[in-house]
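Now for the letters of each chain:
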Number of protein chains: 4
Amino acid sequence: MTTYFPNIPVIKYEGPKTKNPLAFRFYDADRVIAGRPMKDHLKFALSWWHSLCGDGSDAFGGATMDRSYGGLSDPLKIEKAKVDAGFEFMEKLGIEYFCFHDIDVVPTDKTFAETRENLLEIVDYIKGKMAQTNIKCLWGTSNYTRHPRFMQGASTSYNPDVFAWAAAKVKNTIDATIALGGQGYTFWSGRDGYDTLLNTNLELELDNMARLMKLARDYGRAKGFTGDFYIEPKPKEPTKHQYDFDVTTVLYFIHKYGLEKDFKLNVEVNHATMAGHTFQHELRVARINNALGSVDANDGDLFLGWDTDLFASNIYTTTLAMYEILKAGGFTNGGLNFDAKVRRSSFDFDDIVYGHILGMDTYALGLIKAQELIEDGRIDQFIEDRYSGYTKGIGKKIVDETVSLEELEAHVMAIGEPVLSSGRQEYLELVLNSIIFS
Amino acid sequence: MTTYFPNIPVIKYEGPKTKNPLAFRFYDADRVIAGRPMKDHLKFALSWWHSLCGDGSDAFGGATMDRSYGGLSDPLKIEKAKVDAGFEFMEKLGIEYFCFHDIDVVPTDKTFAETRENLLEIVDYIKGKMAQTNIKCLWGTSNYTRHPRFMQGASTSYNPDVFAWAAAKVKNTIDATIALGGQGYTFWSGRDGYDTLLNTNLELELDNMARLMKLARDYGRAKGFTGDFYIEPKPKEPTKHQYDFDVTTVLYFIHKYGLEKDFKLNVEVNHATMAGHTFQHELRVARINNALGSVDANDGDLFLGWDTDLFASNIYTTTLAMYEILKAGGFTNGGLNFDAKVRRSSFDFDDIVYGHILGMDTYALGLIKAQELIEDGRIDQFIEDRYSGYTKGIGKKIVDETVSLEELEAHVMAIGEPVLSSGRQEYLELVLNSIIFS
Amino acid sequence: MTTYFPNIPVIKYEGPKTKNPLAFRFYDADRVIAGRPMKDHLKFALSWWHSLCGDGSDAFGGATMDRSYGGLSDPLKIEKAKVDAGFEFMEKLGIEYFCFHDIDVVPTDKTFAETRENLLEIVDYIKGKMAQTNIKCLWGTSNYTRHPRFMQGASTSYNPDVFAWAAAKVKNTIDATIALGGQGYTFWSGRDGYDTLLNTNLELELDNMARLMKLARDYGRAKGFTGDFYIEPKPKEPTKHQYDFDVTTVLYFIHKYGLEKDFKLNVEVNHATMAGHTFQHELRVARINNALGSVDANDGDLFLGWDTDLFASNIYTTTLAMYEILKAGGFTNGGLNFDAKVRRSSFDFDDIVYGHILGMDTYALGLIKAQELIEDGRIDQFIEDRYSGYTKGIGKKIVDETVSLEELEAHVMAIGEPVLSSGRQEYLELVLNSIIFS
Amino acid sequence: MTTYFPNIPVIKYEGPKTKNPLAFRFYDADRVIAGRPMKDHLKFALSWWHSLCGDGSDAFGGATMDRSYGGLSDPLKIEKAKVDAGFEFMEKLGIEYFCFHDIDVVPTDKTFAETRENLLEIVDYIKGKMAQTNIKCLWGTSNYTRHPRFMQGASTSYNPDVFAWAAAKVKNTIDATIALGGQGYTFWSGRDGYDTLLNTNLELELDNMARLMKLARDYGRAKGFTGDFYIEPKPKEPTKHQYDFDVTTVLYFIHKYGLEKDFKLNVEVNHATMAGHTFQHELRVARINNALGSVDANDGDLFLGWDTDLFASNIYTTTLAMYEILKAGGFTNGGLNFDAKVRRSSFDFDDIVYGHILGMDTYALGLIKAQELIEDGRIDQFIEDRYSGYTKGIGKKIVDETVSLEELEAHVMAIGEPVLSSGRQEYLELVLNSIIFS
């Protein structure tokens with residue numbers, strides 16, 4: 001059988017001290033953390049697009065990576081080779097999930113009808129591979145960003161025929177996702193946004209964006225899809241203003257249009273930071289609104305104003321992220337999708353392996369440290385103590401909403417100045433560092 | 001009678017060509033635009049804090065401006081002198097509204113009870129001045145930012161006694177606002193946000209922030225206040241994350257907590273830009289959600305990451321802002337509040353006059369140009385034509401929600417590739433410039 | 001003869017009131033401003049790459065614009081058609097200069113030797129067109145950004161063979177520039193920067209970048225090139241850190257490596273803003289260091305963190321830019337190159353025309369207003385008066401460097417507190433607006 | 001004897017596992033790293049201003065911290081108590097250096113003559129404490145930011161009398177620094193920058209800024225000062241544009257004005273990030289230009305656009321910083337000055353202790369990891385190998401500058417396409433993490 005990663009063995013856990021680059025230092029799939037094996041907490045997924053399709057081209061230059069899979073030219077053969085390569089990769093890395101766009105798995109220069117047929121064929125081919133492995137589909141999604149017909153948005157296009165195209169693609173990708181047993185369907189709004197309000201009917205575009213989601217929900221549910229629909233926030237790029245700006249914007253959107261029972265958030269690190277938020281902030285907001293669905297696990301560069309989709313390498317970020325995910329009770333249908341790409345000059349196939357080892361170890365150590373943080377308890381206890389005034393006396397009445405402004409004024413007259421205590425940020429940072437680096 | 005602006009005459013309209021710095025070039029109060037005099041469209045308001053209290057101190061140095069009002073030292077006399085100076089200023093500039101915080105009008109080093117008494121006395125004094133003029137209160141607000149007791153938030157403090165202080169202040173400021181006939185009460189959340197999630201119960205803080213607003217609403221309505229409550233978004237500063245991040249965040253908040261019937265937005269230019277949005281964007285979002293209440297009219301510096309509160313000087317910004325306000329039907333209870341301060345080195349009293357002339361002319365010309373934009377019609381017509389596909393055929397069915405994914409797929413199979421037309425951004429910018437500069 | 005812009009007439013000046021989109025409102029080529037016709041002040045140049053090659057593709061999707069020039073497929077015929085189209089365009093718009101990269105004018109999939117031959121052939125073809133018109137070459141440049149071999153930099157590559165490629169391309173482009181009579185040769189450092197210091201020898205890379213420039217200078221001078229070499233600053237994108245960060249960085253570079261006699265700056269609006277500077281700031285710094293060479297005339301979007309290359313539409317920006325250029329005595333070898341592209345959804349050929357009309361009118365009005373600003377004199381006089389203390393007394397001694405710290409201390413002891421005067425920013429902004437909008 | 005930190009013992013090293021917040025986890029002063037004790041590598045300094053003077057006030061509110069030193073009111077007694085407290089603090093923390101502004105150590109409401117006298121008195125008092133301890137002065141500096149007379153800049157003021165004030169202050173602070181045996185004198189340009197070019201003579205202001213530095217150099221050298229002069233870059237805040245924008249800007253400045261023999265850089269983390277650079281970048285640029293003098297050790301928040309002066313807590317930042325410092329051969333006259341402040345709501349004296357323990361441990365672990373990185377050698381070796389092409393063949397000729405463009409072109413013709421190797425960023429990040437977390 002053809003191998004696409006001939007230099008790559010099955011990657012094994014060798015512990016923090018190993019100098020073997022092709023080994024995990026922290027990811028030990030079956031190690032039990034907080035009652036579950038690491039792999040069940042993390043649910044890593046391969047992103048078909050970046051790792052199997054991405055060729056290193058950017059806005060300033062063309063492909064640096066050979067993605068002909070051994071010099072193939074027949075389009076469908078390339079797609080099947082990608083499936084083979086992807087499954088080889090996932091098995092060697094121990095990744096049990098994958099995510100895909102419709103256009104990641106089929107040739108993109110066909111008619112709609114041909115594409116639908118190709119999609120059926122490749123889905124069958126993937127199902128065959130899935131049957132032989134433990135690998136599952138985390139979620140599917142439609143891409144209505146790349147094709148020029150979507151240059152002015154998809155469901156938010158000024159042109160109803162373009163809306164229809166987006167809708168038809170969503171239908172077929174939902175079908176494919178169901179066929180693959182996927183428990184999630186993600187909306188990423190690509191070019192759904194505006195470049196200038198001088199040519200934009202903002203209200204109609206937002207209404208129409210919701211209309212496609214309602215159609216998708218109704219169709220999916222009718223076809224027996226019981227998973228979650230996700231919306232993935234992003235604030236800008238390629239458009240000046242993307243409609244799914246951040247987690248809160250999406251929460252308002254799904255509530256305004258009555259989608260909140262079926263839709264959750266797929267939160268991406270780099271999109272969070274582009275919106276001016278920490279990743280932890282966005283996870284927290286999703287969590288306290290019961291809308292934390294899944295995660296696009298990458299890293300942004302805070303010095304740069306565009307989406308870099310770096311592989312995660314920052315342990316602070318992943319520790320605080322896994323803290324939120326553990327506090328939310330872990331993933332149900334969601335997981336950690338590696339929406340990350342190797343740098344354009346990391347053009348060897350091996351670099352994709354290094355990238356995933358880096359990302360998996362970074363999240364694995366984050367999980368370990370997050371659980372230590374919870375077990376250590378100092379920070380959680382500090383917060384509980386800090387707000388304990390709201391469990392008694394005037395504080396409890398405030399929370400129970402059994403107090404009036406007049407009564408609160410009388411309280412102030414009675415007590416005079418409040419006695420304050422320090423917020424202790426430096427102490428808490430010291431505790432955090434002592435846990436991460438012990 | 002003492003004058004505080006001895007060099008300043010009543011400022012009159014002299015037209016664009018005048019070289020008199022103490023004259024309006026564009027603001028001609030009674031000139032009728034779109035059926036109403038300019039002053040009714042614009043409803044300019046003096047900000048008590050910046051113009052009567054601000055002393056030029058910043059984080060790097062102390063006061064540069066003398067605010068002793070002729071060398072006064074008795075605190076209540078200073079407050080009354082501020083009233084006198086403010087009314088002289090408003091009359092000379094032709095400004096018919098003012099906005100105030102509780103702490104702008106009373107000495108700030110007193111007990112709660114004394115402060116309440118002082119507030120009553122000064123409110124009476126202001127009412128006396130109002131009776132002699134045409135000047136009205138646009139809105140009032142409480143400041144729970146400056147005093148150290150609010151260092152860790154007001155209604156979002158970890159400490160219920162601090163919540164009580166915030167509540168008691170709100171009560172008294174609502175009383176004062178009602179007494180002054182104010183048609184608005186604004187919540188600006190000062191330090192309601194967090195510096196680190198390591199010490200923060202985000203969920204409780206947000207719930208409590210809503211609790212104070214409910215208390216305020218119920219109290220105000222019980223006391224006969226029929227105006228609007230406003231929330232003023234700001235994304236950060238002084239805290240790392242302010243809870244009222246942007247217009248959409250506030251919309252989600254007021255809907256989540258059932259406040260949407262009584263609360264609208266007070267949108268500030270510089271806060272919009274700090275959140276990564278244009279001012280027009282924030283106005284548009286408020287407008288299409290029927291929540292555009294009032295405006296804090298200033299300007300930000302997009303090269304700087306903090307709130308600069310510059311006087312408005314950019315005609316592009318004000319033209320597009322006034323376009324949104326005209327399209328919204330104009331202000332009802334709201335207006336244009338000059339939440340703007342002269343630079344620290346513009347320390348003469350005269351500079352405040354120049355600042356207001358600059359701001360008033362900038363908004364006046366913006367109004368004129370916005371109305372020309374609407375009358376010209378090319379841009380509005382372009383948008384109407386662009387989206388006309390949604391008024392018929394498959395487009396109408398999409399909007400009417402009488403179509404299914406299957407039907408949309410069949411439509412795609414039937415039509416093949418959509419025929420697209422250019423978005424024409426450059427042409428529309430050319431039209432905009434031709435209107436602004438003709 | 002084939003026409004590529006059949007709908008486009010020769011664009012004429014019709015004045016500010018015209019509603020004809022295919023006319024100039026402000027650019028009146030032969031109108032004399034400050035003693036010279038507008039066209040001599042502005043020296044507009046067509047950018048071969050954006051306007052003749054750009055196809056609307058971006059990092060998120062493919063071409064939206066047909067650039068087959070009537071369905072041609074033979075590569076050299078396409079290049080010649082581009083020349084024809086470019087000259088038709090320039091003549092219709094009244095643009096008298098063009099700028100080009102080597103790869104803009106030849107097929108890009110050839111060997112080095114073939115490319116060199118093609119370049120000679122096309123240069124000859126262009127010279128033929130130049131002979132029939134008044135059109136001139138403003139400057140040429142090599143592109144070592146697009147080809148994958150330059151993925152890790154050109155002269156800053158870790159690989160000397162890549163340095164050699166960059167050098168060989170520079171040689172041929174200098175030859176072409178000389179052949180076309182170009183009076184400028186521009187270095188834009190494309191990918192000369194780093195993504196991570198973990199794999200970078202910063203010192204060697206900077207030394208090598210200078211080495212290529214020295215080689216180019218020596219070669220060009222030996223071949224009789226008497227024009228200017230330019231470096232075009234950009235702070236980031238595509239790399240995390242581009243070496244030519246901003247004007248001051250380049251000034252340090254050219255002085256450190258002894259290039260200051262031959263090298264000036266080509267300042268781009270959008271690159272200035274990405275570096276955290278206003279365009280006027282960068283022009284001023286170049287001006288006072290006698291290094292203002294040429295300008296890439298576009299616009300950035302301050303809400304976005306990447307290079308948008310919008311057509312200039314902001315009159316404030318161009319007024320203050322032309323003020324600096326007038327104060328510098330105008331361009332000698334440089335000019336205003338439209339390094340600007342129509343939006344991806346402005347895919348008609350007509351949109352390029354609208355874009356250029358927009359840009360040309362924006363700079364023309366900027367020129368008019370800048371000259372009015374100078375003639376008005378209030379702002380210049382304000383500055384002269386403000387600093388007049390340095391023309392006499394202790395101030396003059398400071399400037400003449402004939403004073404000591406001890407003497408300055410004695411001066412302080414003698415005078416006590418200085419008497420300060422207001423910086424009058426609001427007044428000056430009012431003056432600026434009154435000039436721009438009168 | 002009075003103690004100001006009664007709850008604080010001498011802080012000792014207890015290792016990474018300790019739960020004692022009043023202990024070091026990583027800073028073990030006498031532990032030898034790379035041949036020198038940690039304390040000699042790190043040379044920590046107390047910042048008089050933040051830790052002894054800072055009262056928690058910010059632009060939005062007043063003091064939260066009591067800095068009356070036991071309720072003192074006599075100004076000179078307070079200054080002496082600050083000395084006592086500072087020395088107690090330094091001895092308890094094991095900090096052997098301090099940095100100071102003139103206004104940090106004397107009452108600020110006196111005449112120039114009185115201030116000079118007070119300064120002499122306090123300097124004597126400090127010298128007394130120094131004689132009893134091992135504590136030394138790292139550097140001194142003048143503050144010409146806080147007083148209103150400097151509202152429009154100090155040496156860059158439009159007003160020569162203000163220049164004289166700045167000069168006189170510099171003289172006295174240099175005297176004090178020499179008296180205290182300080183080996184550095186730092187220029188931080190406070191308000192030396194501009195808010196608007198509409199009122200600014202940029203060229204004169206820069207010339208004058210250099211003039212003061214020349215005066216200071218000549219005076220200092222004449223008085224026997226043999227230490228380094230430092231300039232501390234900052235790009236903006238409080239002014240829109242600060243003249244000492246970043247390291248490269250300062251390098252250009254000191255070379256342009258002939259200051260490079262006497263002036264080095266004092267690089268601050270948060271100022272680096274505000275300028276759009278990583279701290280490591282700025283250190284590297286200073287290092288390869290032989291201008292790395294000293295460090296202001298704090299942390300910025302990349303989500304915020306102003307100087308936060310957080311205590312360092314990020315091990316990635318300090319590891320890469322200490323890597324640069326080790327590669328530069330360590331500090332000579334410079335050190336790590338804690339230009340950091342506890343958060344406004346960390347108002348207890350104890351919080352300052354936590355802040356310093358956090359900062360010291362963060363730099364100590366950074367030092368340990370940096371040395372491990374160097375000893376590990378994988379990253380350094382990767383870089384050496386990567387650029388090895390420049391040590392032979394055509395590469396060596398490029399570096400030796402013995403090659404021509406023609407010869408390089410011939411080389412290209414001979415070799416055809418270069419053979420490239422991957423930049424391996426992901427692998428290198430994996431190595432970095434494996435060192436930091438092992």
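This paragraph deals with the overall build of chain A. Within chain A one finds 16 helices and 14 strands. Its C-alpha radius of gyration of 24 Å places chain A within 12% of the 22 Å reference for a compact globule of 438 residues. With the C-alpha coordinates aligned to their principal axes, the bounding extent of chain A is approximately 85 × 60 × 45 Å. Counting over 438 residues, chain A shows a buried share of 58%. Taking as baseline every contact in chain A between residues at least 6 positions apart, the subset at least 24 positions apart corresponds to 75%.

Let us look at the relation of the copies chain A and chain B. Taken as rigid bodies, chain A and chain B are interconverted by a rotation of 180° and an axial shift of 0.0 Å, the fit giving an RMSD of 0.0 Å. What the rotation and shift describe, once combined, is the action of a two-fold rotation axis. Proximity to the rotation axis, assessed at the C-alpha, singles out A:Tyr252 in chain A; its C-alpha lies 2.4 Å from the axis. Interface residue correspondence from chain A to chain B reaches 100%, placing this contact among same-surface, isologous pairings.

What follows deals with the environment of D:Val285. All names here are of chain D. Following the sequence through the fold, Val285 ends up in helix α10 (residues 279–288). Residue Val285 is classed as buried on the basis of its 28 C-beta neighbours within 10 Å. Along the chain, Val285 and Asp40 lie 245 residues apart, while their C-alpha atoms are 23 Å from each other. Leaving out residues up to four positions away in the same chain, Val285 has contacts with Val247 and Thr248.

Residue and element names in this part refer to chain A. Strand order in the closed barrel formed by 8 strands is β5-β6-β7-β8-β10-β12-β13-β14, and the pairing between neighbours is parallel. Looking at each pair of strands side by side, their axes are set apart by 30° on average, direction ignored. In the sheet, strand β6 (residues 97–101) pairs with strand β7 (residues 136–141) via 5 bridges, with the strands oriented parallel. In the strand pairing of β7, Phe98 is matched with Cys137. Against the sheet, helix α10 (residues 279–288) engages β12 (263–268) and β13 (292–296), with an angle of about 170° to β12.

Across the contact, 70 residues belong to chain A and 70 residues belong to chain B. Of all the elements, helix α6 (residues 160–179) of chain A adds the most residues to the side of chain A that touches chain B, at 10 residues.

Quick look at the relation of the copies chain C and chain A now. Expressed as a screw operation, the relation of chain C to chain A combines 0.0 Å of axial shift with a rotation of 180°, fitting to an RMSD of 0.0 Å. The overlap is high: 100% of the interface residues of chain C also sit at the interface in chain A, so the same surface is used on both sides.

For chain A, the assigned domains read domain 1 (12–376) and domain 2 (389–436). One C-alpha centre belongs to domain 1 of chain A, the other to domain 2 of chain A, and the line joining them spans 41 Å.

What follows is about the sheet that holds strand β10 (residues 228–232) of chain B. All names here are of chain B. Strand order in the closed barrel made by the 8 strands is β5-β6-β7-β8-β10-β12-β13-β14, with parallel pairing throughout. One ladder, built from 2 bridges, connects strand β5 (residues 44–47) with strand β14 (residues 336–337); its direction is parallel. The partner of Ala45 across the bridge, within β14, is Asn337. Where helix α6 (residues 160–179) meets the sheet, it contacts β7 (136–141) and β8 (184–188), and its direction lies at approximately 175° from that of β7.

On to helix α8 (residues 247–256) of chain D, then. With 8 of 10 residues buried, α8(D) is to be regarded as a mostly interior element. Among the residues making up α8(D), those that are buried are D:Val247, D:Thr248, D:Thr249, D:Val250, D:Leu251, D:Tyr252, D:Phe253 and D:Ile254. Contacts from the buried residues of α8(D) go to α8 (247–256) of chain C together with α7 (202–222), β10 (228–232), β12 (263–268) and α10 of chain D. Taken from the residues just after α8(D), D:Gly258 is the one with a positive phi, measuring 70°.

What follows concerns helix α12 (residues 349–376) of chain D. Residues and elements named next belong to chain D. Compared with an ideal rise of 1.5 Å per residue, which puts 28 residues at 40 Å, α12 spans 41 Å between its outermost C-alpha atoms and is within 8% of the ideal. Buried residues dominate α12, accounting for 21 of its 28 residues. Within two residues after α12, Gly377 carries a phi angle of roughly 80°, on the positive side.

We now examine the pairing of β6(A). All names here are of chain A. Of all 5 residues in β6, 5 are buried, a share of seventy percent or more. What you see with β6 is no split at all: Tyr97, Cys99 and His101 on one side and Phe98 and Phe100 on the other are buried throughout. For strand β5 (residues 44–47) and β6, the ladder comprises 3 bridges, and the chain directions are parallel. Its bridge partner being in β6, Leu46 is matched across the sheet by Phe98.

Orientation of helix α6 (residues 160–179) of chain C relative to helix α15 (residues 405–415) of chain D, taken along the N-to-C sense of each, is 120°, at an axis distance of 8 Å. For the crossing formed where α6(C) meets α15(D), the hand is left-handed. The segment α6(C) lies against α15(D), with C:Asp161, C:Ala164, C:Trp165, C:Ala167, C:Ala168, C:Val170 and C:Lys171 engaging D:Leu405, D:Leu408, D:Glu409, D:His411, D:Val412 and D:Ile415. For the contact of α6(C) with α15(D), the class distribution of residues is 9 nonpolar, 1 polar and 3 charged.

On to the confidence of the model for chain A. Per-residue confidence for chain A averages 97 on the pLDDT scale, and 100% of its residues sit at or above 70. As scored by the predictor, the complex reaches a pTM of 0.98 and an ipTM of 0.97.

Turning our attention to the environment of A:Asn314. Residues and elements named next belong to chain A. With respect to the helices and strands, the residue Asn314 is situated in the loop between β13 and α11 (315–327). Note on Asn314: 20 C-beta atoms within 10 Å, which makes it buried. For the pair formed by Asn314 and Gly359, sequence separation is 45 residues and the distance between their alpha carbons is 9.2 Å.

The side chains of a regular strand alternate between both faces of the sheet. Residue and element names in this part refer to chain B. For β7, the buried fraction is high: 5 of the 6 residues fall into the buried class. The sheet contact formed by β7 and β8 spans 2 bridges and is parallel. What sits directly across from Gly140, in β8, is Tyr185. With respect to chirality, the unit in which β7 leads through α6 into the neighbouring parallel β8 is right-handed.

Inspection of the secondary structure assignment puts C:Gly329 in the loop between α11 (315–327) and β14 (336–337). For the pair C:Gly329 and C:Arg287, spaced 42 residues apart in sequence, the C-alpha to C-alpha distance is 9.7 Å.

Moving on to unusual backbone geometry. The omega torsion of the bond from B:Glu237 to B:Pro238 falls at 5°, within 30 degrees of zero and hence cis. Counting through the fold element by element, B:Pro238 comes out in the loop between β10 and β11 (241–242). The phi dihedral of C:Ala34 is positive, around 50°, even though this residue is not glycine. Note that C:Ala34 resides in the loop between β3 (32–33) and β4 (36–37).

Cut-off values and rules
Residues numbered from 1 in each chain as written. Chains lettered and ligands numbered in written order. Predicted model: local features only at pLDDT ≥ 70, side-chain atom pairs only at ≥ 80, totals over all residues. Helix = DSSP H or I, 4+ residues; strand = E, 2+ residues; numbered from the N terminus. Rg over C-alpha atoms; globule rule 2.2 N^0.38 Å. Buried ≥ 20, exposed ≤ 12 C-beta atoms within 10 Å, placed from the backbone. Contact = placed C-beta atoms within 7 Å. Least-squares fit on C-alpha atoms with pLDDT ≥ 70 in both. Pairing = 2+ DSSP bridges. Axes fitted to C-alpha atoms, helices over the stretch in contact; angles between N-to-C directions. Domains from an automatic or database assignment. Expected span 1.5 Å × (residues − 1). Left-handed = near helix turned anticlockwise from the far one by under 90°. Nonpolar A, V, L, I, M, F, W, Y, C, P; charged D, E, K, R; others polar. pLDDT = per-residue confidence, 0-100. Right-handed = clockwise from strand over helix to strand, strands pointing away.

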